[in-house]
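Structure assessment
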Amino acid sequence: RDLIGGVIGIIVFLYYWIDARPSVYIYSAVLLIATLVLNPLTTHVESTYRSGQQFGSLANIKNVQSAVYFAASFLPMIIGYLGRIIANGINIIIGYILRFIYTPYRHKSHGDLESFKDLLSAGFPLLITGYVGLIFTAADRTYIAMELGAKDMGLYTLAGYCITLFSIIPTALNMLLYPKAATRYGETGRPSSLLPFWGKSIALFSIVLIPLAIIAYFLLPICVELVMPKYVEGIQAARISLFTCCTYIYMGPGVVFGTLKRNWGYFIASLVALVLFWIVLLG
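Below is a summary of the structure that appears in this document. Small disclaimer: the values here were computed from a predicted structure and weren't measured.

**Observations concerning the pattern of salt bridges**
For the coordinates displayed, the defined rule picks out two salt bridges. In this structure, Asp19 engages Arg21 in a salt bridge whose closest nitrogen and oxygen atoms are separated by 2.6 Å. Residue Asp19 is classed as partly exposed on the basis of its relative accessible area, which comes to 38%. In this structure, Lys151 engages Glu233 in a salt bridge whose closest nitrogen and oxygen atoms are separated by 3.7 Å. Here Lys151, found in helix H7 (residues 150-155), pairs with Glu233, found in the loop between helix H9 (195-227) and helix H10 (235-246); they are 82 residues apart in sequence, far enough to count as distant. Neither residue differs from the other here; Lys151 and Glu233 are each classed as exposed.

Listed below in structure tokens is the structure:
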């Protein structure tokens, strides 16, 4: 994935360079190359922490990475869009370096064909499902950009922040649940052994997400007026997005499907939702 991503990123960079696009395109293409090359490697290395249940070490790494990214996040205030690109690039690079340095398991062999087939059967559905999900999360923004305008896109930024922030929570919780579910299934070999995760994950995600969404709903106007007063008009869209964030509860039971390698149902549902979105809005 990192090799293919790198090639795609370089092609985009060369296209912008040859076409004499503005500098923001060129710098963004460089960030795209770093993202497509390092993100798959970061995901691969991070899986060693989760599989070994080294959550303490991973948490420390994420804390350092978040602190560095927080400091770099002030760069856009100083040098504009270039600061945003630099901040994102620093976050990606630091994230990979820290995970690689402290990984609990080092590479010792090149594997074999059977191992590759097993990884492909488990990983490919996750890869393609994640890609469709990524497109779906950007569908609303592309529609706004095409049919409305730059101001509306800017105001919608608040809603994007809410969705991005809340998506971190189920991802973090699943880092705890996946290794435990995989261990349970590996010990028993019975899908029924994962039934407790179904109810417990729904309860856990509901207890965490719903109260946070309610609190954010009422605090959002106050925070925006104090910190981002120019985005007050975007509060309503951001509040609506908080209802969407509550649907992330589904990601809890998703642990069971991921452990059992039954991700095609979710892929089909995501694809149908994406197609319906464009049919309804553009039809």
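We are not done yet, so read on.
**Thoughts on the packing of aromatic side chains**
The tally for this structure, following the rule as stated, stands at eight aromatic pairs. When the centroid spacing of 5.9 Å and the interplanar angle of 50 degrees are considered together, the rings of Tyr15 and Tyr16 count as tilted. Tyr15 gets classed as partly exposed once you look at its relative accessible area, which sits at 47%. Three or more aromatic residues joined by ring pairs make a cluster, and in this case those are Tyr15, Tyr16 and Tyr25. Just above the ring of Tyr25 sits the side chain of Arg21; from NZ or CZ to the centre is 5.1 Å. Arg239 extends its terminal NZ or CZ atom over the ring of Tyr217, reaching a point 4.1 Å from the ring centre.

**Looking at helix H8 (residues 157-188)**
For H8, built from 32 residues, the straight-helix expectation of 46 Å at 1.5 Å per residue is met to within 8% by its first-to-last C-alpha distance of 46 Å. Maximum bend of H8: about 30 degrees, positioned at Met175, with proline Pro179 one to four residues after it. After H8 finishes, the residue Gly189 shows a positive phi value of roughly 75 degrees.

**Description of the nonpolar core**
Core analysis: the biggest nonpolar cluster contains 25 residues, and Phe166, Phe205, Leu209, Leu220 and Tyr248 have the highest contact counts within it. At the level of elements, H8, H9, H10 and helix H11 (254-259) are the ones that each hand at least two residues to this core. If you tally residues by element for this core, the top one is H8, at eight residues. Residue contacts for Leu220: discarding those within four places in its chain leaves Cys162, Ile235, Ala238 and Arg239. Leu31, Tyr49, Tyr96 and Met175 belong to the second largest nonpolar core, which has 11 residues in total.

**A look at the side chain of Arg239**
Within the secondary structure, Arg239 is located in helix H10. Leave out the neighbours within four places in its chain, and Arg239 touches Tyr217, Phe218, Leu220 and Pro221.

**Let's talk about the packing of H8 against H10**
With their axes 7 Å apart at the nearest point, H8 and H10 run at an angle of 25 degrees to one another. With respect to H10, the axis of H8 lies roughly parallel. H8 and H10 meet at a crossing whose hand is right-handed. Mapping the contact onto sequence places Leu158, Ala159, Cys162, Ile163 and Phe166 in H8 and Ile235, Ala237, Ala238, Ser241, Leu242 and Cys245 in H10. Residues belonging to the contact of H8 with H10 are distributed by class as follows: 10 nonpolar, one polar and no charged.

The rules behind these values
Residues numbered from 1 in each chain as written. Predicted model: local features only at pLDDT ≥ 70, side-chain atom pairs only at ≥ 80, totals over all residues. Heavy atoms only, no water. Salt bridge = Lys/Arg side-chain N within 4 Å of Asp/Glu carboxyl O. Buried < 20%, exposed > 50% of the residue type's maximum accessible area, 1.4 Å probe, protein only. Helix = DSSP H or I, 4+ residues; strand = E, 2+ residues; numbered from the N terminus. Phe/Tyr/Trp six-rings, centres within 6.5 Å; stacked < 30°, edge-to-face > 60°. Lys NZ or Arg CZ within 6 Å of the ring centre and 35° of its normal. Expected span 1.5 Å × (residues − 1). Bend = angle between axes of the 7 residues up to and from the residue. Core = buried A, V, L, I, M, F, W, Y, C linked by side-chain atoms within 4.5 Å. Contact = heavy atoms within 4.5 Å. Axes fitted to C-alpha atoms, helices over the stretch in contact; angles between N-to-C directions. Parallel < 35°, antiparallel > 145°, perpendicular 65-115°, else oblique. Left-handed = near helix turned anticlockwise from the far one by under 90°. Nonpolar A, V, L, I, M, F, W, Y, C, P; charged D, E, K, R; others polar.

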